Each structure stands twice: as structure tokens, then as C-alpha cells.
Amino acid sequence: METLSTPLPSLRRYSTSVNNDHDHDHPVFLHIKQCTNSSQLGQIHAHMLRTGLFFDPYSASKLFAASALLPFSSLDSARKVFDQIPKPNLHSWNTLIRVYASSPEPLQGILIFLRMVHESPYYPNKFTFPFVIKAAAEIFSLCVGQALHGLAIKASLGADVFISNSLIHLYLSCGDLDSAYRVFTMIGEKDVVSWNSMITGLAQRGCAEKAFQLFQEMEEEGVKPNDVTMVGVLSACAKKLDLELGRWVCSYIERKGIRVDLTLSNAMLDMYTKCGSLEDAKRLFDMMEEKDIVTWTTMLDGYAKLGEYETAKQVLDTMPRQDIAAWNALISGYEQNGKSKEALSLYHELQQSQIAKPDGITLVSALSACAQLGAMGIGECIHAYVKEQGIKLNCHLTTSLIDMYSKCGDIKKALDVFYSVDRRDVFVWSAMIAGLAMHGQGRDAIDLFSRMQETMIKPNSVTFTNVLCACSHAGLVKEGKTFFNQMEPVYGIRPGIQHYSCMVDILGRAGLLEEAVEFIEKMPILPSDSVWGALLGACQIHGNVELAELACRHLLELDPENNGAYVLLSNVYAKTGKWDGVSRLRKHMRVTGLKKEQGCSRIEVNGVIHEFLAGDNCHPLSKEIYSKLDEIMVRLKSAGYVPNKSHLLQLIEEDEMQEHALNLHSEKLAIAFGLQYVEVSQPIRIIKNLRVCGDCHSVAKLVSRLYNREIILRDRYRFHHFSGGNCSCKDYW
DNA sequence: ATAGGGTTAG
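What counts and how
- Residues numbered from 1 in each chain as written.
- Chains lettered and ligands numbered in written order.
- Predicted model: local features only at pLDDT ≥ 70, side-chain atom pairs only at ≥ 80, totals over all residues.
- Heavy atoms only, no water.
- Helix = DSSP H or I, 4+ residues; strand = E, 2+ residues; numbered from the N terminus.
- Areas by Shrake-Rupley, 256 points an atom, 1.4 Å probe, with all protein chains shown as cover.
- Lys, Arg positive; Asp, Glu negative; His and termini not counted.
- Charge placed at Lys NZ, Arg CZ, Asp CG, Glu CD.
- Salt bridge = Lys/Arg side-chain N within 4 Å of Asp/Glu carboxyl O.
- Buried < 20%, exposed > 50% of the residue type's maximum accessible area, 1.4 Å probe, protein only.
- Near = heavy atom within 4 Å.
- Polar contact = N/O pair within 3.5 Å; in protein donor to acceptor, adjacent residues only side chain to side chain.
- 1 Å grid on protein atoms, 1.4 Å probe; cavity = no way out; pocket = protein on both sides within 12 Å on 5 of 7 lines; lining within 4 Å.
- Points joined across faces, edges and corners; volume = space filled by probe spheres on them.
- Nonpolar A, V, L, I, M, F, W, Y, C, P; charged D, E, K, R; others polar.
- Contact = heavy atoms within 4.5 Å.
- Axes fitted to C-alpha atoms, helices over the stretch in contact; angles between N-to-C directions.
- Parallel < 35°, antiparallel > 145°, perpendicular 65-115°, else oblique.
- Left-handed = near helix turned anticlockwise from the far one by under 90°.
- pLDDT = per-residue confidence, 0-100.
- Patch = residues over 30% accessible without salt bridge, like charges linked within 9 Å, V, L, I, M, F, W, Y side chains within 5 Å.
- Pairing = 2+ DSSP bridges.
- UniProt positions renumbered as here; feature names shortened; annotations may be inferred.
- Expected span 1.5 Å × (residues − 1).
- Arc of directions from axis to C-beta.

Participant: Would you mind going over the overall build of chain A in detail, with residue names and values included?
Facilitator: Within chain A one finds 39 helices and 6 strands. If you line up chain A on its principal axes, its C-alpha atoms span 110 × 55 × 55 Å. On chain A, roughly 35400 Å² of surface is accessible, and the fraction owed to carbon and sulfur atoms is 53%. Treating the 75 positive side-chain charges of chain A as one cloud and the 83 negative ones as another, the clouds have centres 3 Å apart.

Participant: How would you explain the pattern of salt bridges if you had to name every residue and give the values?
Facilitator: Between side chains of opposite charge, a pair can form as their charged atoms come close. With the rule as written, the count across this model stands at 26 salt bridges. For the salt bridge of Glu 119 with Arg 115, the shortest nitrogen-to-oxygen distance reads 3.3 Å. In this pair, Glu 119 and Arg 115 both sit in helix α7 (residues 106-119), 4 residues apart, roughly one turn of the helix. Overall, the relative accessible area of 52% leaves Glu 119 in the exposed class. Glu 611 is paired through a salt bridge with Arg 602; the nearest N and O atoms lie 3.1 Å apart. We classify Arg 602 as buried; its relative accessible area is 15%. Each of Glu 244, Arg 247, Asp 280 and Arg 283 takes part in a single network of salt bridges with overlapping partners.

Participant: Hey, could you go over the protein's contact with DNA strand B for me, with residue numbers and the actual values?
Facilitator: The environment of DNA strand B is made up of 46 residues, and the closest members are Asn 196, Gln 204, Asn 266, Val 294 and His 396. Here DNA strand B approaches the protein such that, of its atoms within 4 Å, sugar and phosphate make up 42%. At 2.2 Å, a side-chain N or O of Gln 204 approaches a phosphate oxygen of DNA strand B. At 3.5 Å from a phosphate oxygen of DNA strand B is found a side-chain nitrogen or oxygen belonging to Ser 332.

Participant: Account for the layout of surface pockets, with residues named and values stated.
Facilitator: The calculated volume of the second largest pocket comes to roughly 940 Å³. Considering the residues around the second largest pocket, the lining is formed by 20 residues, among which Phe 140, Cys 174, Cys 395, Arg 423 and Asp 425 are closest to the centre. Residue contributions to the lining of the second largest pocket peak at 3 residues, all from helix α24 (residues 395-407). In terms of residue class, the lining of the second largest pocket is built from 7 nonpolar, 6 polar and 7 charged.

Participant: I'd like a rundown of the side chain of Asn 196, residues and numbers included.
Facilitator: Among the structural elements, Asn 196 can be located in helix α12 (residues 192-204). Setting aside residues no more than four positions away along its own chain, Asn 196 makes contact with Met 218, Asn 226, Val 228 and Thr 229.

Participant: Residues and numbers for unusual backbone geometry, please.
Facilitator: At Gln 354, a position not held by glycine, the phi torsion is positive, near 55°. For Gln 354, a relative accessible area of 67% translates into the label exposed. Although it is not a glycine, Asn 708 sits at a positive phi angle of roughly 50°. With respect to the element layout, Asn 708 can be found in the loop between α39 (694-706) and β4 (711-714). Of the residues examined, Asn 708 reaches a relative accessible area of 67% and is grouped as exposed.

Participant: Before we move on, could you go through the packing of α12 against helix α13 (residues 208-220) and cite the residues and values that matter?
Facilitator: At a closest axis distance of 7 Å, the pairing of α12 and α13 adopts a crossing angle of 160°. As summarised for this structure, α12 and α13 are arranged roughly antiparallel, according to the angle between their axes. Crossing angle aside, the handedness with which α12 passes α13 is left-handed. Together, Val 192, Trp 195, Asn 196, Met 198, Ile 199, Leu 202 and Ala 203 of α12 and Ala 208, Lys 210, Ala 211, Leu 214, Phe 215, Glu 217 and Met 218 of α13 make up the contact between the two elements. A breakdown of the residues in the contact of α12 with α13 according to their chemical character gives 11 nonpolar, 1 polar and 2 charged.

Participant: Residues and numbers for the confidence of the model for chain A, please.
Facilitator: Confidence in the prediction of chain A, expressed as mean pLDDT, is 89, and 94% of residues score 70 or more. Note that residues 1-21 has pLDDT below 50 and, in this model, 24 contacts with residues that lie over four places away or in other chains. In this model residues 649-656 is a low-confidence stretch, pLDDT under 50, and it forms 18 contacts with partners more than four residues away in sequence or in other chains.

Participant: Any chance you could break down the environment of Cys 471 for me, citing the residues and the numbers?
Facilitator: With respect to the secondary-structure elements, Cys 471 resides in helix α28 (residues 461-474). Residue class for Cys 471 comes out buried when judged on its relative accessible area of 0%. As a C-alpha pair, Cys 471 and Met 299 span 172 residues in sequence and 44 Å in three-dimensional space. Ignoring any residue separated from it by four or fewer positions in sequence, one finds Cys 471 in contact with Ile 446, Leu 476, Glu 479, Gly 480, Phe 483 and Ile 506.

Participant: Let's hear about a negative patch on the surface: which residues, and what values?
Facilitator: A grouping of Glu 514, Glu 518, Glu 521 and Glu 546 is seen on the molecular surface, where their side chains present a negatively charged patch. Among the elements that take part in the negative patch, helix α31 (residues 513-521) stands out by supplying 3 residues, more than any other. Residue placement: Glu 518 occurs in helix α31.

Participant: Now, about the sheet that holds strand β6 (residues 726-727): what can you tell me, with residues and values included?
Facilitator: Pairing in this open sheet of 6 strands is mixed, and the strands run β2-β1-β3-β4-β5-β6 from one edge to the other. Edge strands, defined here as strands with exactly one partner in the open sheet, are β2 (608-613) and β6. In this structure, β4 lies alongside strand β5 (residues 719-723), joined through 4 bridges in antiparallel fashion. Bridge pairing links Ile 712 to His 721 in β5.

Participant: For a nonpolar patch on the surface, give the residues involved together with the corresponding values.
Facilitator: A grouping of Leu 107, Leu 111, Leu 114 and Ile 139 is seen on the molecular surface, where their side chains present a nonpolar patch of about 310 Å² in accessible area. Turning to its location among the elements, Leu 114 is positioned in helix α7.

Participant: Outline the UniProt feature "repeat: PPR" (unreviewed entry) in chain A, listing residues and values.
Facilitator: According to UniProt, the positions carrying the feature "repeat: PPR" (unreviewed entry) are residues 191-225, 261-291, 292-326 and 425-459. Regarding residues 292-326, the helix share stands at 74% and the strand share at 0%, and the terminal C-alpha atoms are separated by 12 Å.

Participant: Please set out empty space enclosed by the protein residue by residue, giving values where relevant.
Facilitator: In total, this model carries 1 cavity of 30 Å³ or more according to the counting rule given. Estimates place the volume of the largest cavity at around 30 Å³. Lining the largest cavity, in full, are Leu 629, Ile 632, Lys 668, Ile 671, Ala 672 and Val 699. Looking at the lining of the largest cavity, the elements with two or more residues in it are α36 (622-638) and α38 (666-677).

Participant: Pulling in residues and values, what's your account of α36?
Facilitator: The end-to-end C-alpha distance of α36, which contains 17 residues, comes to 25 Å, matching closely the 24 Å that a straight helix rising 1.5 Å per residue would cover. Those residues of α36 not exposed but buried are Ser 622, Ile 625, Lys 628, Leu 629, Ile 632, Met 633 and Leu 636. One side of α36 holds all its buried residues, which, seen down the axis, span an arc of 145°. Summarising the geometry of α36, the exposed residues directed more than 90 degrees from the buried face are Lys 623, Val 634 and Ser 638. Count one or two residues on from α36 and you reach Gly 640, which has phi positive near 100°.

Listed below in C-alpha cells is the structure:
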């Protein structure tokens, strides 16, 4: 065993004075302070036990504090020391709560607090509260926090600035901004920490404006901001995406001579990248003498989010250590910019290389990529990985899984995930409602919405978008109106532009075009392109030329590049036999160089994604696919199928050519491919980027009957489940 | 003895 470098000076001499006044100069305390490893501390512990000094609560608390707080100490051994103290004093109790509060098990801090209240003769003092409140904040327990707040007031400690600052932090962590602000305003002498907690908390909670306002008030009240303040203020600038303000803050820091440490530099860097100035960021990055992993990750994230993937990858390759956050930054950069395939291939590379272990965030990004692509095989692998690794489903992951299964067409699996978890936040509920909505199960979506309210989880604006969307896809006009009208008076959510669009969609689809127009005219906010787009879509369904022209005009005013508007209007002309209108549009599109977005369908077989563009013959099995398609057409026609050409953009004049063009629609190629290569027991899942045309819809219905196959087709707006000659949308789409 | 900070997420 290792021995102490210096012999302990005659411990025994002091051992008799245990019950006397505490001797602050007791040499053993000096030794405790000077310990550099746990075995030295262990020896002192043994000495104190032998001499009986350990049985003096004050002396024991000194040893215990050291074993709990010195840099080399571990929580486990500290706990063992504590358990040996016959009558721990208040200081020891406080210290134990303190170390638990910042340990991986903060709940223990609260349990120890309760034990102290029940078992010890002490009342919590002004030191106890900050520690135990921190523990409550760590586990985001608002109700424990409120109880502690009450106890602190009862103990006449409600005005203590340390306790108030802890409470501000607690309330902000739990999202109770009002209570935090109430505590804040009650502090007589706010110190810099009070301001910092409030500013940082508000900035993180999305109240950047208010955070900046407080920073100005702080200055007016003459409290000097420090480096921590500026981190919070910069975080507010980043959230506001306000580069000018951010630059001003950086010059303010320089002007006031505020200490710039690594964290503050990183915050400046983050502000620059979030506000979109890679130049400023790069300049700062090159100037920074000290860099840590956060510096590198922030820079990498900036490049990735702004679409500079090459540079981002270079940063990843050159950074000193690639932790999972770095990979996540790049993967989520791809995913958020719609580059799902790249996101998944990077995820694959990460798994192959085993440089870092995927965490919940990695999986959320990868699952979102799967959802976008409709890559269910890969999505299922990720789900299996989650189970294998015993990764606990948090609400983020649950939401992503539900979203992935829904968007890949397996609403049953989405529901399985939903029912398998015991914690559901507003995002989980909203995702499930959205899933049911896109599968046309409007009634179920509405039922789920009612059940959500029984759980006391408050719907947000996204929830309402999804509920209205459910009403739209299922043709529930009356219900949609009711929900919309309840939003503000009952739920306190002011309808946003997306809710107005949904309402126009609900009314328009149901054929209530005049009412939809009236609704638009009465809108208190300016109608957006999505509102006019919804009206135009409805005009296509119901063949209303006049309103279609009106909607198209407004739509193009707001978004002149919107090629979808031309396609929809052209479809209305074609449907109503107005061929002059069709050719006028065609000419206009040719002159302006606008092209119809190319149709693209995707199908996954054995984890490989096959992509088909309209009329493309790039697929290695192209020949087979076309001959299969011919066979299908013959079989369909003998069953009475007549091609419906009104769904063409009418860019092709010849009749035969038109029919040929129809057959080239990407979803038909995918169906032909799926019939051959997807196992018979499995449904054929197809993802299309545009809306399915009427002809393809009829073909899919017939194929499902004649070939006795289930076809699940996701188009731009929703799912169609074809089986036995019918579609789940009941032809209402 | 006490409180507050930056990167990755639907």
C-alpha cells in the first residue's frame, strides 16, 4: 500500500480533544486538503477511525467533503464514507445532496434531502436549497421544484439571492418562464448571476427578443455583464439569425474588455455560422489560439448546415478527435437540406468505421432521412439497432420512429411504437395524428386528439395543422370548421397561415369553392402561396376554370417560379376541354423555360432503393420492366380499362403518343418492377414525389385486384392503400 | 460550501 509522503504529526495528541471546540487548525485537516489521491485519503480515514476523530461530526464532515469534492474522488467512495458517519452534521448532508445533484443520478439528491428532513435533527438551510433545487432542475421536475420553493419561503429564505437564482434556473429548465420571471422580479438586489440565468434561459427557450431586452435592462441598472452574460446574448443573436446584432455584440465584448475564454469564442463562432456568415466564422476560427472539440464541431456544423458539404467533410477528417456530435452535425446537415441519401450513406460509413457510436441524435437524423426517402428496410434496421443496444426511447426517438413508419406506409407499426411507450409529449401525439391523417384515417386521428387532451398534454400549433389535415384527407368538413374555430378561444393558439391553408383545402376539396373564396377574403392575414395553392388544387378536382385562373394569378404573383401552378391550371383546362388554354400555357412555359417537375418514384427491395423517373430506361432491368408493363396493360384493357388522358399536361399531341407518355409515368414503372421483384406476401410500397395522377390511380386499383397484390403508394400529400380494386382514399384526394 | 455558459434533435 502507498504511504503518505509526510508522516502524520501525532494524531493521538489531538484525539482527546474531540468534544472540545472545533480546532480549525487541526493538522489532519491540512493533510486532507493536500491529498492528491484516494489512497492517501483512505489512510487519513483509517487514522481518524483509529483515533476516534472520525466520530466527531465536524471532523467527519471535513473528511467527507474531501472525499466527495476533491478532483480525484468518486461518488461511490464518498457515499461509503457518508454511510459510516454516525451522526452526519448539516454540512455533510448538504455536501451529499450537492454531489448527487451534479451526478448522473440527481434524483438521489432529492431522496437524500427527504431523508435528511425525516431522519436528521436539522432543517434545510440556505446552502441546502441551492443544491436540492439544482437536483430538481436536473431531472426537470417542476412539482418537486415548486414544493422546494414553498419550503424555502416557509424557512424565510425566499429572499436569498442564491436560492432565487437556483429557482430561476429550475423554472427555466422546466419551461415555466412565468414563474422564473416572477422569482427574478422579486429579487431585491439582482446580481450578475440572476441576470445571466434569466438571459440564458430565455435565449434557449426561444425568447431571444426578450433575452436581448433583459440584457439592455441589465446595463441600464448598472450591473456589469461578464463573459457568461455574453454567451447568453450571443446565443440569442444566433436564434434571431441577426448577424448585424451579433457583430455589434462582438464589438461590445471587445470595447468593454470582457474576458474572452474558449467558451465565449465558441459562442461567437456559433453565432456567426448560425447567422450564415462563414467568412466571419472562418476568420475567428483561424485566429483562435485554443480550440476544443466544440470549436471544430461548431465550424463543421456551420459548413454542413449551409450546404458546403465538401468543406464540412474536410473539417471532419482534419479535426483532432471525431466524436459522435461531429458526425451528427454532418449527418443532420445532409438530412435537413433534403440530402437523405447522403445522410444515410454517411450513417452507414459511421457504422462501418466504428469511429464513434451512434447515439439517439444520430438515429433521429437517420430515421428522418428514411422517412423522407420512404426507405423502410433501413428504418427497420435502425429500429432493430435501438432495441439491440437497449437504447431507451425518449420522446425524440419515439417521434422519429412513428414518423418513419408512417411515411414509409406502415401505419400499424407506427401505432405499435406509439402504444409501446409510456411517455408521450406533444410531438409524439402530433406525429401519430399526422400519421393517421396521411393514411386517410381521419376519424382515428380525431379520436387520438381527444385522448391526447385527456392526458393534459396541450396541443400546439403543429398538432392543429395535423388535425385539420386529417379532416381534409377524410372529408370531415364540419369537424374541421369546429376545430379551427376552437383554436384561439379554447386553446389560445392563433391560427397561422398553414391552418388557413388547411381550411381552404378542407372546404375546396369538399366542393365548397365559393365558401373557400369567402374564407380567403375574410382572412385577417395575407393569403400565402399555400392558400392559393389549396384553392387551385380544389379547382382541379372540381373543374372550376374561373376560380382556377384567379387562384393561379395570385399564386404566380407570390411565386412566379411555381411550375406546379401551371401544371394544375393546365389540368383544369384539359379536364374541361379548354384546349386553347392548354396550348397558351404550354407556349408560355416554353418561352419562360419553366418545366414541369419531373416525376420520380422509389421502391425499396431488400434494402436497395430503386428509383424511376418518368420514361427512364436507366434501370439495369429496364427491358424486363417495360415488357412487364405491356403485359399489365393488355391484361387491364381486357378487363375494361380505358386510359384517362385528361391527366396529362397535354404536351403531346398524338393520341398514341399520349397513351405512351401515360405509361411512362414513374409510378407505373415502379408497379411493374414491384410486381416482379417484391415478395408476393409483401405489399408493394412506392414513394412518389408528385401527386399521383388519376390514370395511375385507376391502374393501381385494377392491378391490386387482377394481380391480387397490395400496393401502398405515398404521393406528395398522402398515402393510397390499394387492395382488391379499391383505394383507402375512397377516391377522395 | 451555495447559483449561471457553447456544438448535435422532431
